[in-house]
Amino acid sequence: MRVMAQVGMVMNLDKCIGCHTCSVTCKQAWTNRAGTEYVWFNNVETRPGQGYPRRYEDQEKWRGGWHLNNKGKLRLRTGGRMQKLLTLFASPVQPTIYDYYEPWTYDYQMLIDAPLGDDFPVARPKSLLTGDDTKVTWSANWDDDLGGAPELGALDPIVEKLRRESEDAVKFSFEQTFMFYLPRICEHCLNPSCMASCPSGAIYKRSEDGIVLVDQDRCRGWRQCVTGCPYKKIYFNHRTGKAEKCTLCYPRIEVGQPTVCSETCVGRLRYLGLFLYDVDAVTAAASTPDETDLYEAQLDLLLDPNDPEVIAGARAEGIPEDWLDAARRSPIYALAKEFRVALPLHPEYRTMPMVWYVPPLSPIVDLLSGQGHDAEDAGTLFGAIDALRIPVEYLAELFSAGDTAVIESVLRKLAAMRSYMRDVTLGREPNADVPASVGMTEEQVYEMYRLMALAKYEERYVIPTAHVEQAAQLDEMACSLDYEDGPGMYESGAFGEASGTPTPVSVETFHALKQRQTSDTAANSHRLANRTNLLNWDGNGSPVGLFPERATPDSTQTQRTQTSHPAAAPTSPDPQASS
């Protein structure tokens, strides 16, 4: 047994209201650059729906993740080395830009410069890839709130599968429709198929915390990782020629702060914490023959942080004591392993995902209340699960490889908690038979309720900080975007990037390559030289570079002057150390 730590996340889907705040704040923090217009590290999907990119769950077409070959060995769905060599320059199973959407802006300049006339000028959508007029036909949020579900809902791969099995399993008539929201980020898997698919070895999993990252220096833009990821959470930046993905906000995690999507979540549905797992057992668990057993196999990987043998093994691997304490207090371990109400997304992909979900229960309560029933009575709730407005089969295809018994067990626990705590809240004598009927004690039900309904900030986010002795290992290489006028760093207009005058990729790439090939120094290094490192400034005086350079009026030629204070801290000339 070799113990390692993994930062993971649990999302309680009962609380998600589909406001997309997490998507917007992630977009602003990580993908607001040129070339990443269509990139959403975090997106919120309405289910049922085709998802983003379109129909990403159809692995018969996209061939992401792993499968077992005829000999029972774990193999990539896209094939071995020879197959990858043959498809290195053109992958036939890779989503096109139209499966995402063609990024666009609007011709705002037309609104500003149009001459006076009787007709109101129109800001046409312009493609950011070609600069030509385009038509907006798809986006990351096209299915929002069941938009177009009666016509397009049947294209959801899970609905399609269920309808093949039972024509009446899912209907889209108005009175029977169902809907819930599914936020998605990179799963930071224990057995990542994207990492195994990368020919240049640019994708790696950090041994300190399990976060999966892309080394921008080693990435050669083969895009095999996009094909290999079954969740399609790796994106190609068409301006830099590099792959990009969710980083789980590792700069924040290292200092004990939650991810941006968690910090800004309106419904407080996200939990962050640590798993301890046996890295030597990952391959065997992912090779479990029966797909419906993969959930239990993944649970078996998660080690008890209170077990003396596990603690000894963690210490032998150099895991610090405060990390072990955080693992013992981890909310995600409690929800996934102790209470067993959080489930992995598509365990049948065999990647061992580390972002887990608590299935939604609320539609049952809403439906029963609307029919005049006591929606939180135990007998009523338990009986309604079989007739759940969200078909149990649909949830099972998402979270348990089709095993409906797992979903029913989770929903019964959630229903028991709701019914039991209603009596407690109203001051009535609680019924101990309710938690006993789902295999839980009264104390466990209360602890689960407290974690899911009342947990404070420090209880929802139990994140140990990185240690000084790990600094060299955690230090990431500088990105090419650190330099002004580097790839993707072009001027923005008043109404957003380019503001109606998009630069076609081919033109921008030509100038970027020409600049790099003909310059002896880093792009615009003279601008970077006078920057001030405010992180190291002690606040005394005015360090060099704090204010813009100004010309001396009585000089015959422009002279550069800088103000400084004798006590000011020296600034580093290293452009990567300045900000």
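Calculation criteria
Residues numbered from 1 in each chain as written. Predicted model: local features only at pLDDT ≥ 70, side-chain atom pairs only at ≥ 80, totals over all residues. Heavy atoms only, no water. Core = buried A, V, L, I, M, F, W, Y, C linked by side-chain atoms within 4.5 Å. Buried < 20%, exposed > 50% of the residue type's maximum accessible area, 1.4 Å probe, protein only. Helix = DSSP H or I, 4+ residues; strand = E, 2+ residues; numbered from the N terminus. Polar contact = N/O pair within 3.5 Å; in protein donor to acceptor, adjacent residues only side chain to side chain. Contact = heavy atoms within 4.5 Å. Pairing = 2+ DSSP bridges. Axes fitted to C-alpha atoms, helices over the stretch in contact; angles between N-to-C directions. pLDDT = per-residue confidence, 0-100. Phe/Tyr/Trp six-rings, centres within 6.5 Å; stacked < 30°, edge-to-face > 60°. Expected span 1.5 Å × (residues − 1). Parallel < 35°, antiparallel > 145°, perpendicular 65-115°, else oblique. Nonpolar A, V, L, I, M, F, W, Y, C, P; charged D, E, K, R; others polar.

### Quick notes on the nonpolar core
Okay, so step 1: The biggest cluster of nonpolar side chains holds 129 residues, and the ones touching the most others in it are Tyr52, Leu276, Leu335, Trp356 and Phe399.
Okay, so step 2: A per-element tally of this core places helix H20 (residues 404-425) first, with 10 residues.

### Points about the side chain of glutamine 216
Okay, so step 1: Its location among the elements puts glutamine 216 in the loop between strand S9 (212-214) and helix H9 (224-228).
Okay, so step 2: In this structure the side chain of glutamine 216 is engaged in a polar contact, spanning 2.9 Å, whose partner is the backbone oxygen of alanine 243.
Okay, so step 3: Residues in contact with glutamine 216, not counting those within four places in the same chain, are Lys242, Ala243 and Glu244.

### Notes on the sheet that holds strand S12 (residues 270-278)
Okay, so step 1: In space, the four strands of this open sheet follow the order S12-S1-S14-S13, with mixed pairing throughout. The two strands at the open ends of the sheet, each matched to only one other strand, are S12 and strand S13 (343-344).
Okay, so step 2: Where S13 meets strand S14 (residues 355-358), two bridges bridge the pair, whose relative direction is antiparallel. Residue pairing across strands places proline 344 opposite tryptophan 356, the latter belonging to S14.
Okay, so step 3: In the packing of helix H15 (residues 321-328) onto the sheet, the strands contacted are strand S1 (3-12) and S12, and the crossing angle to S12 comes to about 115 degrees.

### Let's talk about the confidence of the model for the protein
Okay, so step 1: The predicted model of the protein has a mean per-residue pLDDT of 81, with 74% of residues at 70 or higher.
Okay, so step 2: Here residues 476-501 is a poorly scored stretch, pLDDT under 50, and it has 57 contacts once near neighbours within four places are set aside; other chains count.
Okay, so step 3: Per-residue pLDDT stays below 50 along residues 522-529; that stretch engages in 12 contacts with residues further than four places along the chain or on separate chains.

### Quick word on the packing of aromatic side chains
Okay, so step 1: Tallying each qualifying case throughout the model produces 18 aromatic pairs.
Okay, so step 2: Their ring planes at 40 degrees and their centres at 6.1 Å tell us that tyrosine 52 and tyrosine 101 sit as a pair that is tilted. Placement of the pair is tyrosine 52 in the loop between strand S2 (43-47) and helix H2 (59-62) and tyrosine 101 in the loop between helix H4 (97-100) and strand S5 (104-106), with a sequence separation of 49 residues.
Okay, so step 3: The exposure class assigned to tyrosine 52 is buried, which follows from its relative accessible area of 0%.
Okay, so step 4: Take tyrosine 101: its relative accessible area is 9%, and that puts it in the buried class.
Okay, so step 5: Between the aromatic rings of phenylalanine 275 and tryptophan 356, the centroid separation amounts to 6.0 Å while the plane-to-plane angle is 50 degrees, which identifies the pairing as tilted. Note that phenylalanine 275 is positioned in strand S12 and tryptophan 356 in strand S14, a separation of 81 residues in sequence.
Okay, so step 6: According to the relative accessible area criterion, tryptophan 356 is buried, its value standing at 0%.
Okay, so step 7: Taken together, Tyr38, Phe41, Tyr52, Tyr100, Tyr101, Trp104, Tyr106, Tyr108 and Tyr235 form an aromatic cluster joined through their ring pairs.

### As for the pairing of S2
Okay, so step 1: The buried count for S2 comes to five of five residues, which makes it a mostly enclosed element.
Okay, so step 2: Judged by which residues are buried, S2 turns out to be covered on both faces: Asn43, Glu45 and Arg47 on one side and Val44 and Thr46 on the other are all buried.
Okay, so step 3: Relative to strand S7 (residues 180-184), S2 runs antiparallel, the two sharing five bridges. The residue of S7 that forms the bridge with glutamate 45 is leucine 182.

### Concerning helix H13 (residues 294-301)
Okay, so step 1: Counted residue by residue, H13 has six buried out of eight residues, so it is predominantly covered.
Okay, so step 2: Turning to H13, its buried residues number three or more, namely Leu294, Tyr295, Ala297, Gln298, Leu299 and Leu301.

### Re H20
Okay, so step 1: The terminal C-alpha atoms of H20 lie 31 Å apart, and with 22 residues this matches the ideal 32 Å at 1.5 Å per residue to within 8%.
Okay, so step 2: Sitting at the amino-terminal end of H20 is aspartate 403, which places a side-chain oxygen 3.1 Å from the backbone nitrogen of alanine 405.
Okay, so step 3: Looking one or two places after H20, you find glycine 427, whose phi comes out positive at around 75 degrees.

### Here we look at unusual backbone geometry
Okay, so step 1: For the peptide bond that leads from arginine 47 to proline 48, omega is 5 degrees, which places it in the cis range.
Okay, so step 2: Topologically, proline 48 is positioned in the loop between S2 and H2.
Okay, so step 3: With an omega dihedral of -5 degrees, the bond running from tyrosine 52 to proline 53 counts as a cis peptide bond.
Okay, so step 4: Of note, the phi angle at histidine 20 is positive, near 65 degrees, even though the residue is not glycine.
Okay, so step 5: Tracing the chain through its elements places histidine 20 in the loop between S1 and helix H1 (21-30).
Okay, so step 6: Among the residues examined, histidine 20 registers a relative accessible area of 14% and is labelled buried.

### What about the packing of H20 against helix H22 (residues 442-454)?
Okay, so step 1: Viewed as axis vectors pointing N to C, H20 and H22 meet at an angle of 95 degrees, and their least axial separation amounts to 10 Å. With respect to H22, the element H20 is oriented roughly perpendicular. Judged by residue contacts, Lys413, Leu414, Met417, Tyr420 and Met421 of H20 engage Glu442, Val445, Tyr446, Met448, Tyr449 and Met452 from H22.
Okay, so step 2: The residue makeup of the contact of H20 with H22, split by class, is nine nonpolar, no polar and two charged.

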